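Topology and contacts: notes
For reference, the chains in residue letters:
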Amino acid sequence: MLGHAMSSLLKARGALVATSLLLAAPVLAQAPQAGAPPADAATPPPAQAQPTITRPPELVQQVEAQYPPEALAQGLTASVRLIITIADDGSVAEVLPTEPVGNGFDEAAMAAVGQFRFSPAEVDGVPAPVQVEYVYHFTLTAPEPEAGAEVAEAEQPKATLTGQLISRGSRSRVPNATVRCGDDPDAPEAMSDDDGRFTLEVPAGTCEVRVVATGFQLYQTKEELKPNETTEVNFYLAPSGSGLETVVRSARPKKEVVRRTITREEAQKTPGSFGDPIRVIQSLPGVARAPFISGELLVRGSNPGQTSTMMDGVEIPLLFHLLGGPSVVNAEFIDQLDFYPGGYGSQYGRAVGGIVEVGTRKGASDTLHGSVKVDLLDAGFFLESPITDGISVAAAARRSYIDTILPAVLPESEGGTLSVVPRYWDYQLRVDFGAKRGTANDDTAVTPGGARSSGYIMAFGSDDQLRVVSTGPTTERDLELDTRTNFHRVKGDWTYRKGAMWSVFTPFVGLDRSSVDFGLARQDGRTYTLGAREVLGIELSSALTLRTGLDIVFEHERYDVSFPAPGGVEYVPFPGAEPVGQQLEEQIALSAFDGALFLEADLQVGRFTFTPGVRGNLQSVGNTRNLALDPRLWVRYAATSRTNLKGSLGLYSQPPETFRFITLPYGNPDLAYQRAFQSSLGVEHRFNDVFNVDVTGFFNRRFNNVVSPGQLVTNEGGGVFTLPYSNDGIGRAYGVEVMLKKDRASAMDKWSGWLSYTFSRAEDGRAGPRPQGGGLFGGGGAVPDDSTYGLSPWDQTHILTLVASYVLGNGWELGGRFRYTSGRPMTPLASGYDVYDSDRNRFNATFGPYFSDRTGGFHQLDVRVDKSWRFQSWTLTAYLDVQNLYNAQNVEFVFNDYRFRREYEVPGIPILPVVGVKGSF
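Residues numbered from 1 in each chain as written. Predicted model: local features only at pLDDT ≥ 70, side-chain atom pairs only at ≥ 80, totals over all residues. Heavy atoms only, no water.

Broken down by element type, the chain carries four helices and 58 strands. Here the chain holds 921 residues, and 52% of them are scored as buried. Sequence-distant contacts in the chain: of pairs separated by 6 or more residues, those separated by 24 or more amount to 68%. When the accessible area of the chain is evaluated, it comes to approximately 39900 Å², of which 56% is carbon and sulfur surface. (Helix = DSSP H or I, 4+ residues; strand = E, 2+ residues; numbered from the N terminus. Buried < 20%, exposed > 50% of the residue type's maximum accessible area, 1.4 Å probe, protein only. Contact = heavy atoms within 4.5 Å. Areas by Shrake-Rupley, 256 points an atom, 1.4 Å probe, with all protein chains shown as cover.)

So, in C-alpha cells, the structure goes:
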C-alpha cells in the first residue's frame, strides 16, 4: 500500500521588508509525521527595511490534499509551488500556482491550501494582508511490512555531506533552505544557516539531493558519498523570479499624509531614469518638470531651493548633477527613497516645499559583492563586503565623460548655438558595525529588558563642472558661464534601543565649495558645516508613541568675489554710455547657527490615528536672531480595511541662505525666516492586492519669502535705493494629485506601472510695492497693475506621467514612460520695432502682458529594454535606454536678439539613446 506525505515551507518577503518563517516541517497527508519539529523551530530572519512584519502569519488549520489517483498509480511525486494571499483575518483569499507541474498535483494542492487558516499577520502591530510563497510536496512512502515479517536491516556506513547554498548569479548566500537526500519523508534533512551552510549525515552511497528554498527553483543533483568521509560542495540555486515574488501589500501606518517610498529594485529599470532610482521622483505626482539644465525639484508649486534634499538624515546642497544628470548617489548604494511632497512631521524642517530623503544600505554580511556599470554617459562601480563579524563596508564611485559626447548631439538653431559642457563625479563610503544586514533592524523589537547598539560612519561627496556658451553672429547676445560646485560630508550614526525606548544620534561635518565666472563677475565660496541630530522615542502603549529631538547646524562661509561696482550705488550713469565702474574685490566671512527642538506623538483612537507635533526654530546670524514656531497635525481615518481618509495642516519654516545676510549694499542682514502654511486632504483605496489609487488635494500659502530685488529703502541722506533681498515674497499653490498604481501580484504577473496626474496652479507675488525692474525669481515679478498675485514662472497646470513595465521572459524586460506637462509661463514681446535708450546706449524691450503666454507643452516618450544573463557567480545585464524616442522639439529656453525684435527658442535634448552594460556579482 502506498502512502504519501506533504512538507510545507513558507516565506513572506515584503517589497520593503524581508522576513522568513517555517510554518510546518514535513507532515503526513493522512496523519501527522512522528517526531516532526514544532512550527517555530526555525528562527526567521527579521526585516531588512520598513515596513516591518511584527507578527508573521502562523498556520493554525491545515487541510490534507488528496493524492491524484493517476499520479499515485504511476508512482509520481511532485512539489507544487504556490503564491498564497492571506487576508488580514487569516483566511486564504487567493491561491495561484507559480510553476504548474500537471498530473493533477496543482489542482489538489490549490484545493487543500485554499482551506487553510492562518493567524493574521501584523505589519508594525496592525493586522495586514500579506502574500506568501508556499511549497506543497507530494511524496511516496514504502508500504509497511506485513505483521510478523522479520526486517533484517544491516547497519549501513555513514557519510557526511556539507556545503554552502549560493544564489546563482549574485553569490549571495541562501539561508533557511531545506536540504535532503531523496523524497523519503523519513530521510534526514538539514536547514541552511544565515551563511547558507548546512551539514547532513546520511547513509553512504548515492544521495539524490533535493534543495527547497523559497524564491528559488527546486534544485536536484546526485552526489556519490563514500563511507566515513565528508564531502564538501557548493550548490548554486537559480532564483525563480524577481525580488517582488512575495510582497507585503499593506504598508505600515504612515506618519504623513503622502509619503511615496521607492525601492531600488522597483526604480532601477524605470524608463528614462538611466538606472537611477532617484530620478523616478520626477515621475511622481506633485513634481513639476524643471528646465533640463537645472536639476531642481519643483514640488507643489514651490520655487527652486524650497525643497530640502537629504541623505541618511543629513542635508546636501543638491540631489542631481547639473544638466539634469543622474543623482549624486550611486544607484547600488540606495536602500530606499522617501519623498514627502508636503504635510510631513515635525522631525523635518528647513523647507517650505517638500522633503526628499535618500537612505543608503549596509554592506553585505556574507561575502564580497559588487557591480560595474558602463554606458555612454558615465562609468561607476560598487563594492560591499564583510570585514569581520558585525562589521561590513560598502563603497561606490562614478565619473562621467558626457562632456566629450553631449556637444556632438545638442541641436544647433539658425543664427546661434548653445553648447553645454558638463562633467561630474561622486563617491560614497560606508562602514557599519553592530547588526549584520539581514538581521534585526535597529527599530525592531528586542527582548524585554534587552538592549542593542549599532551604527555606522559614512563619507560621501560630489563634484560638478558646467560651462554654458551661447554664440552666434555679432548681432546676437553672447552668454558665457563657467561654474563648479562640490560638497563633501562625513557623518556618524549611533542607534540604541532598550525595551520600548530608542535613540538615534547623527553627528556630521561638511565642506561645500563653489565657483562662478559670469562675464566680469567672479565668486569663489567655501562653506564649513558642523551639525548633529538626535531623535528619542518611547512607545508608552500600543496606542501612544512619543518622539522628541534636537536638530542643529552651524555654518561658516567665506567668499572671495570680484565684480563691477553696482550702478547707482557708487557710480552714476551719464547720458550716452553705460559706464563700467571700478572692479571691486571683496573677501567676506559669515557664520550662522540654525537649531530646532521638536516633539510629536502618535495617538490611535479607534479607527482614527492622530499625529500632533510642534517644531521650534532659532536662527542666529551676526546680530540677527530669528524665531519661528511650527505646529502641525496629521490625521488618518481607516474607513474600511481597504480605504483610508487622510488630512494634514501645519506651518513650515526655512532659513534664508547665510550669504544673503552680508552687509549692504550686497546683502541684507535683517532677513527673517521664510514661512509657509500647508494643508491637504485625500483618500487612498486598495482595490485588491494589485491595484491601488491615491487622490490628494492640497493648498499651500507661502509668506515672508526672500525675493530679489528687495524693498525700496530711503537713506539717511534722503536717497532711495533697492535692497538686494527682502522678505516680501508671497505665493500660493493649490491642486489635486492622482496616482493609480499596479503592482506585480506574483512572479507570474508580467505587468507593473503607474499613472500619475497633477492639476495645479502656482502663483507668486509681493507683499510690498513692486520695485523698478521687477524680477522673476524667488517670488518677484508682480504683474504691472500691482495686483497681489501673478502667475509663478514655475507654474505647470497639467502634469501627466504614464509608466509601464513588462517582463518578456528569458531575461528580457521592456518598459516605457510618457510625460506631458504644460509649458512654462512667459512674457511675450509686444512690438517688432526698436526702442533705443540713448542715455545707456542700448535697446530696451517692449513686452506684452506679464506671463500672458506660455512655451509649448512638453511631451516625451522614453523606452528601456533590458536583457540579463545569469551565470554561476555573476550576472550580466545589457540595456538600451532611449530618451525622447520620437525626437520631440521641446522648448527649454527663449532668448531675444539685442534689439528685442525676435525670440529664439532653444530646444532641449533630442533623441538620446544610451547603451550600457552592467556586471554584478
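Alright, that's what it looks like, and here's the rest.
Time to look at unusual backbone geometry. Where the residue is not glycine, phi is negative for most of them; where a peptide bond is considered, it is trans in most cases. For the peptide bond that leads from Ser 708 to Pro 709, omega is 0°, which places it in the cis range. Even without being glycine, Asn 704 reaches a positive phi, approximately 60°. In this structure, Asn 704 sits in strand E42 (residues 691-707).

Sheet architecture is open: four strands sit in the order E15-E14-E17-E18, paired in antiparallel fashion. Every other strand in the sheet has two partners, leaving strand E15 (189-191) and strand E18 (219-225) as the edge strands with one partner each. Taking each pair of neighbouring strands and ignoring which way they run, the sheet shows an average axis angle of 25°. Of the pairings in the sheet, the one linking strand E17 (residues 205-212) to E18 comprises seven bridges and is antiparallel in character. Along E18, the bridge assignment pairs Arg 210 with Gln 220. (Pairing = 2+ DSSP bridges. Axes fitted to C-alpha atoms, helices over the stretch in contact; angles between N-to-C directions.)

Moving on: the state of the cysteines. Counted under the stated rule, the structure contains one disulfide. At a sulfur-sulfur separation of 1.8 Å, the disulfide partner of Cys 181 is Cys 207. Across the disulfide from Cys 181 to Cys 207, rotation about the S-S bond amounts to roughly -90°, and the bridge is consequently left-handed. Separated by 26 residues along the polypeptide, Cys 181 in strand E14 (residues 178-181) and Cys 207 in strand E17 bring together distant segments of the chain. Of the two residues examined, Cys 181 and Cys 207, each falls in the buried class. (Disulfide = S-S within 2.5 Å.)

A separate point is the side chain of Ser 400. On the secondary structure map, Ser 400 appears in strand E29 (residues 391-400). Relative accessible area serves as the criterion here: at 1%, Ser 400 is assigned to the buried category. Side-chain polar atoms of Ser 400 contact the backbone nitrogen of Tyr 424, separated by 3.0 Å. The contact partners of Ser 400, leaving out residues within four places of it in the chain, are Leu 377, Asp 378, Arg 423 and Tyr 424. (Polar contact = N/O pair within 3.5 Å; in protein donor to acceptor, adjacent residues only side chain to side chain.)

So, about the nonpolar core. Counting 32 residues, the largest nonpolar core has Ile 278, Ile 281, Leu 297, Leu 319 and Val 329 as the members making the most contacts within it. Where this core is concerned, the elements lending two or more residues are strand E25 (334-340), strand E26 (355-360), E29 and strand E32 (451-471). Tallying contributions element by element places E32 first for this core, with four residues. What Ile 281 contacts, discounting residues up to four positions off in sequence, is Val 287, Leu 297, Leu 319, Leu 337, Phe 339 and Val 356. Residues Val 80, Ile 84, Val 95 and Val 132 belong to the second largest nonpolar core, which totals 25 residues. (Core = buried A, V, L, I, M, F, W, Y, C linked by side-chain atoms within 4.5 Å.)

Before going further, it helps to examine the sheet that holds strand E16 (residues 197-203). On the basis of which strands lie adjacent, the open sheet formed by three strands has the order E16-E13-E19 and mixed pairing. Edge positions in the sheet fall to E16 and strand E19 (230-237), since each of these pairs with one other strand and no more. Neighbour-to-neighbour, the strand axes of this sheet turn through a mean angle of 30°, independent of strand direction. One ladder, built from seven bridges, connects strand E13 (residues 158-167) with E16; its direction is antiparallel. Within the sheet, the bridge partner assigned to Gln 164 lies in E16 and is Arg 197.

Summarising the element assignment, Gly 811 is placed in the loop between strand E48 (798-809) and strand E49 (812-821). Taking relative accessible area as the criterion, Gly 811 reaches 33% and is therefore assigned partly exposed. C-alpha of Gly 811 to C-alpha of Thr 877: the two residues are 66 residues apart in sequence and 8.8 Å apart in space. Sequence-distant contacts of Gly 811, defined by excluding residues within four places in its chain, comprise Asp 866, Lys 867 and Ser 868.

What follows covers the pattern of salt bridges. If you walk through the whole model with that rule in mind, you get 32 salt bridges. A salt bridge links Lys 741 to Asp 743; the shortest N-O distance between them is 3.9 Å. Taken as a pair, Lys 741 and Asp 743 share a single burial class, namely buried. Taken together, the shared-partner salt bridges connect Arg 350, Arg 533, Asp 551, Asp 594 and Arg 615 into one network. (Salt bridge = Lys/Arg side-chain N within 4 Å of Asp/Glu carboxyl O.)

To continue, consider the packing of aromatic side chains. Going through the model one piece at a time under the given rule, you end up with 16 aromatic pairs. On the numbers, 4.8 Å between centres and 65° between planes, the contact of Tyr 344 with Tyr 652 is edge-to-face. On the criterion of sequence distance, the pair formed by Tyr 344 in the loop between E25 and E26 and Tyr 652 in strand E40 (residues 643-654) is long-range, its members being 308 residues apart. For the pair shown, Tyr 344 and Tyr 652 are each scored as buried. When the centroid spacing of 4.7 Å and the interplanar angle of 20° are considered together, the rings of Phe 871 and Trp 874 count as stacked. Note on Phe 871: relative accessible area 35%, which makes it partly exposed. The structure contains a cluster of three or more aromatic residues connected by ring pairs, namely Tyr 340, Tyr 344, Tyr 348 and Tyr 652. Its end group placed over the ring of Phe 858, Arg 289 keeps NZ or CZ at 3.8 Å from the ring centre. A cation over an aromatic ring shows up here: Arg 430 above the ring of Tyr 456, its NZ or CZ 3.7 Å from the ring centre. (Phe/Tyr/Trp six-rings, centres within 6.5 Å; stacked < 30°, edge-to-face > 60°. Lys NZ or Arg CZ within 6 Å of the ring centre and 35° of its normal.)

Turning next to the confidence of the model for the chain. The predicted coordinates should not be examined in detail at positions where pLDDT is low. Mean pLDDT for the chain: 78, with 77% of residues reaching 70 or above. Confidence drops under a pLDDT of 50 for residues 242-255, and excluding neighbours within four residues, the segment shows 61 contacts in the predicted structure. (pLDDT = per-residue confidence, 0-100.)

Moving on: the environment of Gln 583. By the element assignment, Gln 583 lies in strand E37 (residues 583-605). What makes Gln 583 partly exposed here is its relative accessible area of 30%. Separated by 19 residues in the primary sequence, Gln 583 and Pro 564 have C-alpha atoms spaced 4.4 Å apart. Once you skip the residues sitting within four places of it in the chain, Gln 583 turns out to touch Leu 520, Ser 562, Phe 563 and Pro 564.

Now for helix H2 (residues 105-113). Taken together, the buried positions of H2 are Phe 105, Asp 106, Ala 108, Ala 109, Ala 112 and Val 113. In an axial view of H2, the angular spread of the buried residues amounts to 170°, which keeps them on one side of the axis. (Arc of directions from axis to C-beta.)

Together, Ile 387, Ile 391, Val 431, Phe 433, Ile 457, Val 490, Trp 494, Phe 505, Val 509, Leu 530 and Phe 554 line one region of the surface with nonpolar side chains, adding up to about 950 Å² of accessible area. At the level of secondary structure, the elements contributing two or more residues to the nonpolar patch comprise strand E31 (416-433), strand E33 (479-498) and strand E34 (501-518). According to the relative accessible area criterion, Trp 494 is partly exposed, its value standing at 39%. (Patch = residues over 30% accessible without salt bridge, like charges linked within 9 Å, V, L, I, M, F, W, Y side chains within 5 Å.)

This brings us to the environment of Ser 873. In this structure, Ser 873 sits in the loop between strand E54 (858-870) and strand E55 (875-883). The exposure class assigned to Ser 873 is partly exposed, which follows from its relative accessible area of 28%. Once the C-alpha coordinates of Ser 873 and Phe 921 are considered, the two residues, 48 residues apart in sequence, prove to be 6.1 Å apart. If we ignore the near neighbours within four places in the chain, the residues touching Ser 873 are Gly 169, Ser 170, Arg 171 and Phe 921.

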